Protein chains: 6
Amino acid sequence: MSFHRMMYLGKNKFSIRITPRHLYEIFNKEQNDLEVCIIIGVPPGVELAAATSYTPNFDELKFASVLLNNLKVTKFKNFFIPADTEIVMHGRITKKLAEEGPFVDLTGTMDIERQQPVFECDTLYFRNNPFFRVIVPGGLEHRILMGVPQEPRIYKIISNAVPGIKNVCLTEGGCCWLHGIVSIKKRKEGDGKNAILAALAAHPSMKRVVVVDEDIDIFNPLDVEWALATRFQPDRDLIIVPNARGSSLDPSSDLEKHTTAKYGLDATRPLDKDYKMFKKTELPLNLNLKDYFK
Amino acid sequence: MSFHRMMYLGKNKFSIRITPRHLYEIFNKEQNDLEVCIIIGVPPGVELAAATSYTPNFDELKFASVLLNNLKVTKFKNFFIPADTEIVMHGRITKKLAEEGPFVDLTGTMDIERQQPVFECDTLYFRNNPFFRVIVPGGLEHRILMGVPQEPRIYKIISNAVPGIKNVCLTEGGCCWLHGIVSIKKRKEGDGKNAILAALAAHPSMKRVVVVDEDIDIFNPLDVEWALATRFQPDRDLIIVPNARGSSLDPSSDLEKHTTAKYGLDATRPLDKDYKMFKKTELPLNLNLKDYFK
Amino acid sequence: MSFHRMMYLGKNKFSIRITPRHLYEIFNKEQNDLEVCIIIGVPPGVELAAATSYTPNFDELKFASVLLNNLKVTKFKNFFIPADTEIVMHGRITKKLAEEGPFVDLTGTMDIERQQPVFECDTLYFRNNPFFRVIVPGGLEHRILMGVPQEPRIYKIISNAVPGIKNVCLTEGGCCWLHGIVSIKKRKEGDGKNAILAALAAHPSMKRVVVVDEDIDIFNPLDVEWALATRFQPDRDLIIVPNARGSSLDPSSDLEKHTTAKYGLDATRPLDKDYKMFKKTELPLNLNLKDYFK
Amino acid sequence: MSFHRMMYLGKNKFSIRITPRHLYEIFNKEQNDLEVCIIIGVPPGVELAAATSYTPNFDELKFASVLLNNLKVTKFKNFFIPADTEIVMHGRITKKLAEEGPFVDLTGTMDIERQQPVFECDTLYFRNNPFFRVIVPGGLEHRILMGVPQEPRIYKIISNAVPGIKNVCLTEGGCCWLHGIVSIKKRKEGDGKNAILAALAAHPSMKRVVVVDEDIDIFNPLDVEWALATRFQPDRDLIIVPNARGSSLDPSSDLEKHTTAKYGLDATRPLDKDYKMFKKTELPLNLNLKDYFK
Amino acid sequence: MSFHRMMYLGKNKFSIRITPRHLYEIFNKEQNDLEVCIIIGVPPGVELAAATSYTPNFDELKFASVLLNNLKVTKFKNFFIPADTEIVMHGRITKKLAEEGPFVDLTGTMDIERQQPVFECDTLYFRNNPFFRVIVPGGLEHRILMGVPQEPRIYKIISNAVPGIKNVCLTEGGCCWLHGIVSIKKRKEGDGKNAILAALAAHPSMKRVVVVDEDIDIFNPLDVEWALATRFQPDRDLIIVPNARGSSLDPSSDLEKHTTAKYGLDATRPLDKDYKMFKKTELPLNLNLKDYFK
Amino acid sequence: MSFHRMMYLGKNKFSIRITPRHLYEIFNKEQNDLEVCIIIGVPPGVELAAATSYTPNFDELKFASVLLNNLKVTKFKNFFIPADTEIVMHGRITKKLAEEGPFVDLTGTMDIERQQPVFECDTLYFRNNPFFRVIVPGGLEHRILMGVPQEPRIYKIISNAVPGIKNVCLTEGGCCWLHGIVSIKKRKEGDGKNAILAALAAHPSMKRVVVVDEDIDIFNPLDVEWALATRFQPDRDLIIVPNARGSSLDPSSDLEKHTTAKYGLDATRPLDKDYKMFKKTELPLNLNLKDYFK
């Protein structure tokens, strides 16, 4: 299972974007049209599983079944599909090419137009009053389906370098792809820098990573910014790595050489200073003014 | 008019925090107790005017009147106060000292305890069913009343160096004091760097400034982060200024030497590349699927 | 009033250099020839006032009058001019263009040739035995008339960031335009860096600024160099700002992108060391050897 | 199984160095003396397996069996040991402490003296004419047993960031612990930098890593130096990461904060230049001068 | 005397590579063919002398005589040559040009083809059963004959800046030309940096220099690497000099501008720390285990 | 011959400053008082010769004789002295010590007080109406006598690295000791950087060096500053060398570790741009206005 952008060409035809991953290999090996099932409208757990890229023999439906604590699957022609799928398009990816795009990309900027294979829908099945599920390109759903499946992999690699790692996320502001946040329980002074190195290595598309202490909420951009404001010094806590290989989606990168400059900001507090200086005060929940003015 | 942190000591006594500004000078010149009026519960425009620090002879009530498009003022003993004030405490700041604090500071971390003058309330006036207005220290109101009045001053100084300046804000994540955002209409390639220099010079407490193009919403942290993700390269667009004088409120700074490292990030797009590459696509408002499947 | 380079073309014609400032706007709005008075030979205070660029409605004659402690002005056709002007050329700037240049520029290097409007002199007035005043392009007078009027503006902006500022100058060696010196009474360790930021922001054409203590004579290049030799360490006290917008007059800058790298040198002494180590010894005025050998 | 430095104290007693790993945990949980078998003189494959640190439940004997393509194991008291072990000391690690050291450490410099537990040998078994196997501290065997087991782990982590990785080694000159070499088949320009990040993250004790192309022999220091001499430019190809967490064995590191500065050198050739410029010429094996002078 | 690469063209003709040094000047002054003697097969001391480039009037044969503690010289036509030369080719360098190359260069990479003068051999002399001596281009002999004669010159210049200099070598891995090692007896903390500056100045083709303490064997690459591993910190001990003039033999340099980035690594131990921390332990020569188990 | 600071103690006694050079060694070898001749009032060439420090057996009087194109020398007791010396103090440097100082040092700051040997004058000779020659410490004469003799030595070392060197000076603003200027005829782009390295290596007390083209007057600080203003970019043309060994006279250096940060500024114009852009225009000597208005 995988996600593919499709553009309606008229009648039963769509151009379909296929990037060089698993379907690309299968399609290129096939001499004739490739029989496929396009399924639209499935439980979110199935989408999440389909978004996970692991090894070619990874079974996305089984993984969805684990995520959803059981998934009803049905045999449909030569395919297994979720039983509750709203719409199914059965057809063939042909060797014909057509214009695909322009569409908005993950970053919200316009992707270029390309020649892509044509999918021909032979039969269209749907439930009564089906809903037609669309993922708006460049929208938050697009971003999350790209980023969330990366996070456990990144977590695992960082844990090798920094056992005290607590959490990882790819931020919405960074298109869930280019910017990451890592929180750690810091044990030795250099842990923050090692976490930066490991995070940039774990997800090669990551351009910026911020490392924070475990008392920071990495899903709250204001909390992360607060950590930078009160625990970070740019001359001491910043690493810049020029001329590295980055994401081709970032328009600020060198699109000819495919290089970018990456950076990591270590916003963990110094261990040789008193934690009290850096602690965010918790406000008492019930301010009862009667206690003050009797 | 100015804001002062007060701590209830019992009976009619409060310790009152007075930093070295205008009231501090008036109080120090006075040999005896200083007669004052503490007003609680006034229109927001009055608070904003009181938060503005300009020259000593600046008339905050007049400025409030401009902001509010007329303000009813009444004579109360030796003072002019807003007519609709909820609570008024008339009394004297004495030469006695008492513990003040610990309170939370602008950054959300704990301020130290200090010996401060004692205010003695002689008479307490209030409206029927008055509301008692409190600004929680370190909360958002505290931050905004500190930061917002700085922004026009910063704007004016930057406009000298970069005529194309569009807007300025001090961000909530940066405690409305330590981090700034500047948007400009970029005319020449180096405008972003000049805006960085001018912003850091205009507000000496600013530790970080991000400069963005005019199509970025500087009040939306995710939009600013998006500009960094797609228009910024850290080896080319970052300036670091170590050993500068910064805010004494930042616990990560060198609190003995009063120095900090400041930095500016120029997230404006390069003028020698096509704007289309960097343009955030606007999604059409009405996606009508019927247009697609007829 | 403003200064304009003019090249004699023969007969009553001159090409006249008009850069995009106030006259440029007036001339462009005018459909026909623009009537002007060229005055040659006026008191230095008038020249200084004319060299001051402020807002379009700034009245240079009034300012001259302040500087000179009264200036006799006379009505001449549609213009007010200083009463004692040596030579007056009354005429029109026409819409015809002619070659202007090559002339030496502020930096002493050759400016390019340009097509510029033609001034036609209709009447020539002069006093008996008038002197003909010429400002040699690239000479010291040219430089001073450019630089000196900038200094009070720079001073004012720096004073916002560093209240202890003492003096500012644009140096002759830096063409009174590209290099500045600032002296301050240093109060906190980072004041020198803040003065650098403010100076570079205040005068965007400034490429280098040196900040010194108040015991240094900023008009004496050797004294400033002495401060660098004995109070400056390049790894600790130097700020470099690449890719900023600078002066188009600097041939070492990137003339296509209009960018330059700016730098600031903080030659103030460290406050945490004894001043005696850094104090320039005053020599006693009267060395009387008889006191030594009795 | 694990390696432990032992110092003979006289009679049947040895002090034994136990660092905070698996045995340390077992020993600390035990209230009484811990029964152990010290085995001396085993096949190299057993030593290599014992040097591999993985998870606590990793079975070193099984791994040795794989490496040696079968290993004869025998039951000895409560332990399984290799059947051909030369010398076995059966005894107890007691709760008594004694001086251990000074010994030479991995770096060849002197380790400090410590109080360590005392091992008491109860029975000594040996084969006829046994050989007594000693690993000289700080010698090459010590280094290799430390470094070699790290290499596959490092390889695996780098392969996540740079699929074109070819080989990894920890160099003898870097004590098989502090310096690494990585060879890659470079596909995009930034691959070398990404390999640096991944290598430094994979082995947190690594202070320096050099990345080379696949035509370089990473086990030959002269070949690696040749790559640096002909393919590396320090202003473009070097990354420095200050204040990171490094090895406590490096005497040049900050031994109080446990921080070090790490660096990576990318000595891969630029892809946008002709490979011929960078290719090491192979000399023909048989120079037959008769071919030249006929 | 000087070395020249020759390529056999057939019959009695060779193209001969003449770089712009002494022979080049002599040849260019000469209107006609230049009579020369090519000598092949001489004592190593003569080769070393011929490889030494000093002033034009330096007498290589005399220097060889000193090195060899007397050298038998014989008069041969208009030349003095070593008496025991194996082969002598007497002839003329003509004004004709021919292809020379491609040959392997000092770095082991391919040199370009060039048009070079043609040498015509008029008479060939040789001893009975002469050996034909060839220096393989890019081989170790080539490198040593280039590098070794530079070392005393480099030593002398460094000794001006750092009197405690002990030894200098150009390393084999750096082609005996691009990389140098300097050992010093360090007296003051900054001596290592000054040795770097002096070494890079003394041999302008040097791209990298490592400075070590006198207890390091500069001819052993592993010992030098050990010094880097245990005494060097890249953020404190590294100097990079971009845009300097370097060797045209380095393919990684900017071959159009003839610039390169040079670097120096100061691997000397800090004087303010105990030498014991950094001392390489000498292992006792005779480990007598009987001393341990009595 | 050498210069020594002397402080009058009363009667016939002076304390005399002897730094660790030639006289220091002679005095330390001597068991008894050392007989010396103090000469006051000699031709400037003799002073310059005495200021030159070369090898211990360098004969300063002979060198003076060369400089002065013959010098009349006379035998005086055990010494040769210039025949025209104004005042001669014959006496002994004793093993007694006394306070010497405080005096002003080369930098114009106060030197510390020290215990130094006592000179006792036994006989005082002088010419009729002799003049008493004093070199004011820290004055220009002091500086020049320190700096000028260094310049030829610096020139010679730089010429090894940059054959196109034209001139060298140690600037008055840099106390004729800490700052140098080098002018070169630039042949290849990197020549300026190599000249920086060589200059800093040649005179280890040099903290700053500026390299300029041959059309710049290195003795004119304004001309050198002009070269910096129009030919220098700080991000491209500046080298900083931290933690090097520098002069103990510079109060900004680390006086405990004897280290300083040095820097070099390459203000030579880029060879790949047109010289016309960087050429300082020569003004015509006779501006004849009649040529303009006929």
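Up top is the structure these notes are about.
Residues numbered from 1 in each chain as written. Chains lettered and ligands numbered in written order. Predicted model: local features only at pLDDT ≥ 70, side-chain atom pairs only at ≥ 80, totals over all residues. Heavy atoms only, no water.

Chemist: Any details on the sheet that holds strand 6 (residues 87-100) of chain E? Residues and values, ideally.
Modeler: Residues and elements named next belong to chain E. Spatially, five strands are ordered 1-2-7-6-3 in an open sheet, and the strand pairing comes out antiparallel. Among the strands making up the open sheet, the edge pair consists of strand 1 (6-10) and strand 3 (34-40). Neighbour-to-neighbour, the strand axes of the sheet open up by a mean angle of 40 degrees, direction not taken into account. Judged from the three bridges that link them, strand 2 (residues 13-16) and strand 7 (residues 114-126) form a sheet pairing that is antiparallel. (Pairing = 2+ DSSP bridges. Helix = DSSP H or I, 4+ residues; strand = E, 2+ residues; numbered from the N terminus. Axes fitted to C-alpha atoms, helices over the stretch in contact; angles between N-to-C directions.)

Chemist: Which residues make up the interface of chain F and chain C, and what values go with them?
Modeler: Contacts between chain F and chain C engage 56 residues on the former and 56 residues on the latter. Taken over both partners, the interface formed by chain F and chain C buries close to 4500 Å², and the fraction arising from carbon and sulfur atoms is 65%. The interface formed by chain F and chain C holds two salt bridges in total. For F:Glu225, the salt bridge identified is with C:Arg208, shortest N-O distance 3.7 Å. Counting every contact that joins chain F to chain C gives 28 residue pairs in polar contact (both at pLDDT 80 or more). For the side of chain F that touches chain C, the secondary-structure elements that each account for two or more residues are helix 7 (221-231), strand 11 (238-245) and strand 12 (259-266) of chain F. Looking at the side of chain F that touches chain C element by element, the count peaks at eight residues for helix 7 of chain F. (Contact = heavy atoms within 4.5 Å. Buried area = accessible area lost by both parts, 1.4 Å probe. Salt bridge = Lys/Arg side-chain N within 4 Å of Asp/Glu carboxyl O. Polar contact = N/O pair within 3.5 Å; in protein donor to acceptor, adjacent residues only side chain to side chain.)

Chemist: Outline the relation of the copies chain F and chain C, listing residues and values.
Modeler: The operation relating chain F to chain C is a screw motion whose rotation component is 180 degrees, with 0.0 Å of axial translation and a residual RMSD of 0.1 Å. Given the turn and translation reported, the copies of this chain are related as if by a two-fold rotation axis. When each C-alpha of chain F is compared by its distance to the rotation axis, F:Pro221 comes out closest, at 3.7 Å. Both copies present the same face, since 100% of the interface residues in chain F are matched by interface residues at the equivalent positions in chain C. (Least-squares fit on C-alpha atoms with pLDDT ≥ 70 in both.)

Chemist: Before we move on, could you go through the environment of E:Gly91 and cite the residues and values that matter?
Modeler: All names here are of chain E. If you trace the backbone, Gly91 turns up in strand 6. On the accessibility criterion, Gly91 (0% relative accessible area) is buried. Separated by 122 residues in the primary sequence, Gly91 and Asp213 place their C-alpha atoms 51 Å from one another. Residues in contact with Gly91, not counting those within four places in the same chain, are Leu34, Glu35, Val36, Phe119, Glu120, Cys121 and Asp122. (Buried < 20%, exposed > 50% of the residue type's maximum accessible area, 1.4 Å probe, protein only.)

Chemist: So, the packing of aromatic side chains: which residues are in play, and what are the values?
Modeler: Under the criterion given, the structure shown has 30 aromatic pairs over all chains. Ring geometry for F:Phe76 and F:Tyr125: centres 5.0 Å apart, planes at 90 degrees, overall edge-to-face. Residue F:Phe76 is found in strand 4 (residues 73-76), and its partner F:Tyr125 is found in strand 7 (residues 114-126); the two are separated by 49 residues along the sequence. Given a relative accessible area of 15%, F:Phe76 falls into the buried group. Site record: aromatic cluster; members linked through ring pairs are A:Tyr8, A:Phe14 and A:Phe119. Of note, A:Lys95 hangs over the ring of A:Phe27, and the distance from its end group to the ring centre comes to 3.9 Å. When the ring centre of E:Trp226 is taken as reference, the NZ or CZ atom of E:Lys280 above it lies at 4.3 Å. (Phe/Tyr/Trp six-rings, centres within 6.5 Å; stacked < 30°, edge-to-face > 60°. Lys NZ or Arg CZ within 6 Å of the ring centre and 35° of its normal.)

Shape descriptors only; they carry no functional weight alone.
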